[in-house]
Amino acid sequence: MPSAAMWLDGLVSRSGDKRFNFIVALRAALGSALRPRTTRRVARAIPEAGKRTPHVTLVGAGPGDPDLLTVAAARAISQAEVILYDHLVGPGILALAPPGAELICVGKRSGQHSHSQEAINALIAAQARSGRRTVRLKGGDPMIFGRAGEEIEHLERVGISVSVIPGITAALGCASSAGLSLTKRGVSRAVTFVTAHAREGDATEPDWARLADPKGTLAIYMGREAARRVGRGLTAGGLSPDTPVLAVENGCRPDERHHRTTLGAMAERGVAAGDGPTLLLIGWALEARVLEDGAAHAGDALRAGGHVGQGFGHD
Ligand SMILES: C[S@@+](CC[C@H](N)C(=O)[O-])C[C@H]1O[C@@H](n2cnc3c(N)ncnc32)[C@H](O)[C@@H]1O
């Protein structure tokens, strides 16, 4: 829809008549007020720390490569005065922070949670209340298996506004990096993001029978340690043991590794990934890349019958 500014500009250009000169003056006077809201926001002078309304920018850091940050995320990081980040956020991304910014790691590792979620919520709120430009930086997309909802709810409950900058989630980053399309005409018509990791103390399993769709692709987050369970659940749910599986470890990072297998083999032996974040991609859309290319990667740890790695980052 044309803005008022565009309408005035059009009126000016359509008229060579001096009677319309006042429109030019009016256009100049109203110029800043008529600019789009986003432009005005950027141009506004930044108030001193301590005098600002408390606000948190929740930023998705993507899967690891700083080149995969959005422009908005890179800008927010480069203007931050304090950044509270998770373990999944790589050093290349934190290097974009200005020299004076305080970097606070609030990450969690399975088995050794450094901070409870309540402590993290309180820490973010305290930083925002100090008036510093506060960025909460999370790996991938903050809204996918990132507990962003809990943090947003807490901050809004205590009167702190939150804005969100999305990031590339691991499933999409890993698929691109492996040259895989997660959908394929006539083969896969759906992509499902699933976590294999439940709340602490929650022993319920995902509904494997419902997820076992031979015409879909599954992206299993936090699935390395649970790989045998995932394989058993999906084969019991009806998926063929021959279904291709690609485990991508450290996707979009210099040390990215691929572990190729099938669902049946994974049910028996798990995946042989190391301790980096690992995503399991499962489905027939992967067939060419996993089963056919697999011959060219016969040395992959999984085909050699490796074992499940030690826990890190909830895998
Ligand atoms: C707590 S979830 C966070 C997901 C994140 N919010 C996202 O959108 O990607 C952590 C899990 O994401 C997956 N993951 C995150 N980054 C990854 C990467 N670079 N390579 C492979 N898997 C990754 C792993 O399964 C890891 O255990």
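All values derive from a computational prediction rather than experimental measurement. (Residues numbered from 1 in each chain as written. Predicted model: local features only at pLDDT ≥ 70, side-chain atom pairs only at ≥ 80, totals over all residues.)

With that out of the way, let us pick up the site of the ligand. Surveying the vicinity of the ligand reveals 26 residues, the closest of which are Gly140, Thr169, Ala170, Gly251 and Pro277. When contributions to the shell around the ligand are tallied by element, the ones reaching two or more residues are helix H8 (170-177) and strand S12 (278-282). Both domain 2 (55-168) and domain 3 (171-297) contribute no fewer than three residues apiece to the shell around the ligand. (Near = placed C-beta within 6 Å. Helix = DSSP H or I, 4+ residues; strand = E, 2+ residues; numbered from the N terminus. Domains from an automatic or database assignment.)

Read across the sheet, five strands follow the order S3-S2-S6-S1-S7 without closing on themselves; strand pairing throughout is parallel. Looking at which strands have only one partner, the edges of the open sheet turn out to be strand S3 (102-105) and strand S7 (161-165). Strand after strand, the sheet turns through a mean of 20° between neighbouring axes, direction not considered. Relative to strand S6 (residues 134-138), strand S2 (residues 82-85) runs parallel, the two sharing four bridges. The partner of valine 82 across the bridge, within S6, is threonine 134. Sheet strands touched by helix H4 (residues 71-78): strand S1 (55-60), S2, S6 and S7. Its angle to S1, the strand with the most contacts, is close to 130°. (Pairing = 2+ DSSP bridges. Axes fitted to C-alpha atoms, helices over the stretch in contact; angles between N-to-C directions. Contact = placed C-beta atoms within 7 Å.)

A separate point is the packing of helix H6 (residues 117-129) against helix H7 (residues 148-157). Look at H6 against H7: their axes get within 10 Å of each other, and the N-to-C directions meet at 50°. With respect to each other, H6 and H7 are oriented oblique. As H6 packs across H7, the resulting crossing turns out to be right-handed. Facing Gln117, Asn121, Ile124 and Ala125 of H6, the residues of H7 in contact are Glu150, Glu151, His154 and Leu155. (Parallel < 35°, antiparallel > 145°, perpendicular 65-115°, else oblique. Left-handed = near helix turned anticlockwise from the far one by under 90°.)

Moving on, we come to the sheet that holds strand S9 (residues 217-221). Two strands in a sheet stick together by hydrogen bonds in their backbones, pointing the same way (parallel) or opposite ways (antiparallel). If you walk across this open sheet you meet the five strands as S8-S9-S12-S10-S11, and the pairing is mixed. A strand with exactly one partner marks an edge of an open sheet, and here the two such strands are strand S8 (191-195) and strand S11 (257-262). Sheet twist, expressed as the average angle between the axes of neighbouring strands with direction ignored, equals 20°. Where S9 lies against S12, three bridges are found, and the strand directions are antiparallel. Considered in S12, the bridge of alanine 219 is made with leucine 281. This element, H8, spans S8, S9, strand S10 (244-249) and S12 of the sheet and lies at about 75° to S12.

Note that every value here comes from positions in space, so none of it alone points to a role or purpose.
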